[in-house]
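# Structural description and commentary
Letter by letter, the chains look like this.
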Amino acid sequence: MDHLSYKTLNVSKKTANKGWVIVDAGQGSLGRVASEIAKILKGKNKPSYTPNADCGDNVIVINADDTRFTGRKWDQKYYLSHTGYPGGQRRISPRELKAKSSTLLVERAVRGMLPKGPLGRELFRNLHVFAGSEHPFAAQQPKELTFNI
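Bear in mind that the values here come from a model prediction, so they are computed numbers and not experimental data.

## Here we look at helix H1 (residues 30-42)
Its 13 residues place the ends of H1 18 Å apart at the C-alpha level, agreeing with the 18 Å of an ideal helix rising 1.5 Å per residue. Of all the positions in H1, only Leu30, Val33, Ala34, Ile37, Ala38, Ile40, Leu41 and Lys42 are classed as buried. Looking one or two places after H1, you find Gly43, whose phi comes out positive at around 95 degrees.

Encoded structure:
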């Protein structure tokens, strides 16, 4: 047998077979849904997964208004941010963040599960979150995914 017949194929941005996937955010708790979305964005569900390339699918998340938390996390959990000035640490609960925009909850959860750096920023651009069930990506013919969560 030829010793070159078993070459590992690395996927690049040009050779990646990127599709479109639609996910309902109301089918489980926020963390469990966000981890599945992050896996799809990274491409870990494909046999051609390459860690250093954008080989994942584009993900459309609908029904971000139906996001769920377990326990009393709506009031007890806090997201911290800093303004950059002394004493500028701010905290906001998920209930207050949802009142501002329900898509921010899903985006923030998924962004924390993606790699940090240029690749993570590129992967995050493939995420599209919508509060309701309407989205403008019908022309891409996305496949609907359900999880066993």
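## Details of the pattern of salt bridges
The tally for this structure, following the rule as stated, stands at 5 salt bridges. Close ionic contact of Lys18 with Asp54 constitutes a salt bridge, the shortest N to O distance being 3.0 Å. Of this pair, Lys18 sits in the segment before strand E1 (20-24) while Asp54 is found in the loop between H1 and strand E2 (58-62), placing the two residues 36 residues apart along the sequence. Classification of Asp54 by relative accessible area gives buried; the value is 7%. Taking the shortest distance from any N to any O, the salt bridge between Glu36 and Lys39 comes out at 3.5 Å. Here Glu36 pairs with Lys39, and both are found in helix H1, just 3 residues apart, close to one helical turn. By relative accessible area, Glu36 is classed as partly exposed at 24%.

## A short note on the sheet that holds strand E6 (residues 143-145)
Sheet strands pair by backbone hydrogen bonding; their relative direction is either parallel or antiparallel. Strand order in the open sheet formed by 4 strands is E5-E2-E1-E6, and the pairing between neighbours is parallel. Since the sheet does not close on itself, it has two edges, and those belong to strand E5 (127-129) and E6, each with one partner. In this sheet, neighbouring strand axes are inclined to one another by 25 degrees on average, regardless of whether the strands run parallel or antiparallel. When E2 meets E5, the two strands line up parallel, connected through 3 bridges. Residue Val59 lies in a different strand from E5, and its bridge partner there is Leu127. With respect to the sheet, helix H4 (residues 102-112) is in contact with E2 and E5, its orientation differing from that of E5 by roughly 155 degrees.

## Notes on H4
Within H4 the residues assigned to the buried category are Ser102, Thr103, Leu105, Val106, Ala109 and Val110. The buried residues of H4 occupy one face: seen down the axis, they fall within an arc of 155 degrees. Residues of H4 that are buried in the fold lie against H1, E2, helix H2 (73-76), strand E3 (79-82), helix H3 (94-100) and E5.

## A closer look at the nonpolar core
Nonpolar side chains in soluble globular proteins generally cluster together in the buried interior. Counting 28 residues, the largest nonpolar core has Ile37, Val59, Val61, Val110 and Leu127 as the members making the most contacts within it. Contributing elements (two or more residues each) for this core: E1, H1, E2, H4, helix H5 (118-124) and E5. Considering each element in turn, this core owes the most residues, 7 residues, to H1. Dropping the residues within four chain positions of it, Ile37 is found in contact with Val23, Val59, Val61, Val110 and Leu127. Ile22, Ile60, Ile62 and Phe137 belong to the second-largest nonpolar core, a separate cluster that totals 5 residues.

## With respect to the packing of H1 against H4
The contact between H1 and H4 brings their axes to 9 Å, and the two run at 60 degrees. Viewed along their axes, H1 and H4 adopt a mutual orientation that is oblique. Handedness of the crossing formed by H1 with H4: right-handed. Along the contact surface, H1 presents Leu30, Ala34, Ile37 and Leu41, while H4 presents Leu105, Val106, Ala109 and Val110. Of the residues in the contact of H1 with H4, the class split is 8 nonpolar, no polar and no charged.

Definitions and cut-offs
Residues numbered from 1 in each chain as written. Predicted model: local features only at pLDDT ≥ 70, side-chain atom pairs only at ≥ 80, totals over all residues. Heavy atoms only, no water. Helix = DSSP H or I, 4+ residues; strand = E, 2+ residues; numbered from the N terminus. Expected span 1.5 Å × (residues − 1). Buried < 20%, exposed > 50% of the residue type's maximum accessible area, 1.4 Å probe, protein only. Salt bridge = Lys/Arg side-chain N within 4 Å of Asp/Glu carboxyl O. Pairing = 2+ DSSP bridges. Axes fitted to C-alpha atoms, helices over the stretch in contact; angles between N-to-C directions. Contact = heavy atoms within 4.5 Å. Arc of directions from axis to C-beta. Core = buried A, V, L, I, M, F, W, Y, C linked by side-chain atoms within 4.5 Å. Parallel < 35°, antiparallel > 145°, perpendicular 65-115°, else oblique. Left-handed = near helix turned anticlockwise from the far one by under 90°. Nonpolar A, V, L, I, M, F, W, Y, C, P; charged D, E, K, R; others polar.

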